[in-house]
Amino acid sequence: TLNAFANKIFSQFIDWYSPAKKAGMIPLPKILLIKVMEKLTTEEIVQVSEYMVKNEIKDIILILKKENTVDAFLGVIESWAKTSGFPFVHEKSAENSHKYVISHEMGKNWSLYFGIIFTRMFEELGLSHVNFEITDKSLVFSFSVTS
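Worth saying up front: this structure is predicted, and the values here are computed from it rather than measured.

**Observations regarding the packing of helix α3 (residues 42-65) against helix α4 (residues 70-84)**
Point 1. Following both chains from N to C, one finds α3 and α4 inclined at 85 degrees, their axes separated by 10 Å at the closest point. As far as their axial angle goes, α4 and α3 are roughly perpendicular. Residue-level contacts link I57, I61, L64 and K65 of α3 to A72, F73, G75, V76 and S79 of α4.
Point 2. Taken together, the residues that form the contact of α3 with α4 break down as 6 nonpolar, 2 polar and 1 charged.

**Thoughts on the pairing of strand β2 (residues 97-103)**
Point 1. Because side chains alternate across β2, one face comprises the buried residues H98, Y100 and I102, and the other comprises S97, K99, V101 and S103, none of which is buried.
Point 2. Here strand β1 (residues 88-92) pairs with β2 via 5 bridges, running antiparallel. Looking across to β2, one finds that H90 is bridged to Y100.
Point 3. Counting the residues that bridge the hairpin from β1 to β2 gives 4 residues, and of these N96 lies at a positive phi of roughly 70 degrees.
Point 4. Bridge analysis of β2 against strand β4 (residues 138-144) gives 7 bridges, and the strand direction is antiparallel. Bridging across to β4, V101 finds its partner in V140.

Definitions and cut-offs
- Residues numbered from 1 in each chain as written.
- Predicted model: local features only at pLDDT ≥ 70, side-chain atom pairs only at ≥ 80, totals over all residues.
- Heavy atoms only, no water.
- Axes fitted to C-alpha atoms, helices over the stretch in contact; angles between N-to-C directions.
- Helix = DSSP H or I, 4+ residues; strand = E, 2+ residues; numbered from the N terminus.
- Parallel < 35°, antiparallel > 145°, perpendicular 65-115°, else oblique.
- Contact = heavy atoms within 4.5 Å.
- Nonpolar A, V, L, I, M, F, W, Y, C, P; charged D, E, K, R; others polar.
- Buried < 20%, exposed > 50% of the residue type's maximum accessible area, 1.4 Å probe, protein only.
- Pairing = 2+ DSSP bridges.

This is the structure in structure tokens:
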């Protein structure tokens, strides 16, 4: 319905577009990002990922979600995936196990970059047992949250 469509637009604006600008995010063509990342070595990708975690990601999460928690980080990941048009699946079991599959189709270097950032952020947020699988087109990660 028109009402549901309007609610979706307002929700995306509030969740991503408005605060993303404050967080220093800008839209760029996907192919540009793919081509730039293809030029980096594995070592350079690790260095950029580590820099982002140490100096940028926490502030981005705070600006977007007002707190640095696992739930806030997952919310940022989901908002980013939706806004970027990346199909993703989040499966949650009754035992509080989570599995995400994000299909970005940007190449293995991007999967490595995302995997390192997600791993380091989860570790900093106290979630050290996260399983990752990367391919040329997607990133899969799963974990369990204990009470």
